[in-house]
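Take a look at the letters that make up each chain.
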Amino acid sequence: MEQPAPPAAGGGVRDAKGRLKYPGLFENAKKHKSSFVQFFIMTGILLTSIRSVGQKYRIWELKEESVALSQEQESITARMNDIKQSLRAEAAADPTGAFAARLRLLFGDD
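Residues numbered from 1 in each chain as written. Predicted model: local features only at pLDDT ≥ 70, side-chain atom pairs only at ≥ 80, totals over all residues. Heavy atoms only, no water.

*Asks:* Help me out: how do you make sense of the pattern of salt bridges in this one?
*Replies:* Oppositely charged side chains are able to pair whenever their charged atoms sit close together. One pass over the full model with this rule turns up 1 salt bridge. Between R58 and E61 there is a salt bridge, and its shortest N-O distance comes to 3.6 Å. Remark: E61 and R58 occur in helix α2 (residues 33–93); sequence separation between them is 3 residues, near one turn of the helix. Since its relative accessible area comes to 45%, E61 is described here as partly exposed. (Salt bridge = Lys/Arg side-chain N within 4 Å of Asp/Glu carboxyl O. Helix = DSSP H or I, 4+ residues; strand = E, 2+ residues; numbered from the N terminus. Buried < 20%, exposed > 50% of the residue type's maximum accessible area, 1.4 Å probe, protein only.)

*Asks:* Honestly, the packing of aromatic side chains in this entry has me stumped. Any pointers?
*Replies:* Where two aromatic rings form a pair, the distance of their centres and the angle of their planes describe that pair. One pass over the structure, following the stated rule, counts 3 aromatic pairs. With centroids separated by 6.4 Å and ring planes inclined at 40°, the aromatic side chains of F36 and F40 adopt a geometry described as tilted. Placement of both F36 and F40 in helix α2 is noted, with a separation of 4 residues, approximately one turn of the helix. Note on F36: relative accessible area 23%, which makes it partly exposed. The class for F40 is exposed, based on a relative accessible area of 55%. Both rings, one in Y57 and one in W60, keep their centres 5.2 Å apart while their planes meet at 80°; by these two values the pair is edge-to-face. With Y57 and W60 both in helix α2, this residue pair falls 3 residues apart, about one helical turn. (Phe/Tyr/Trp six-rings, centres within 6.5 Å; stacked < 30°, edge-to-face > 60°.)

If you want it as structure tokens, here you go:
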């Protein structure tokens, strides 16, 4: 008399030829539905957290860049004002006044 095959360890099932057949992903998911749902939810939360950290560091970089651009704008504005003042001083030294009139037109002074 032939003895029946012992049950497969680890949840596997023996096929007609006696080989172990392990359940596929979908069969396993059907058995452990809540575990798979929790796994996918936790994975989603982890990926969202990683993305949030990346965005936080990007915001910090943009704030630093904004401060640097503001400082550069102030520097350029001060430089323009210095150039205007030196041109006005030079125009004031011109006896004809043509240079001063032209500067008033360029700078929009009334």
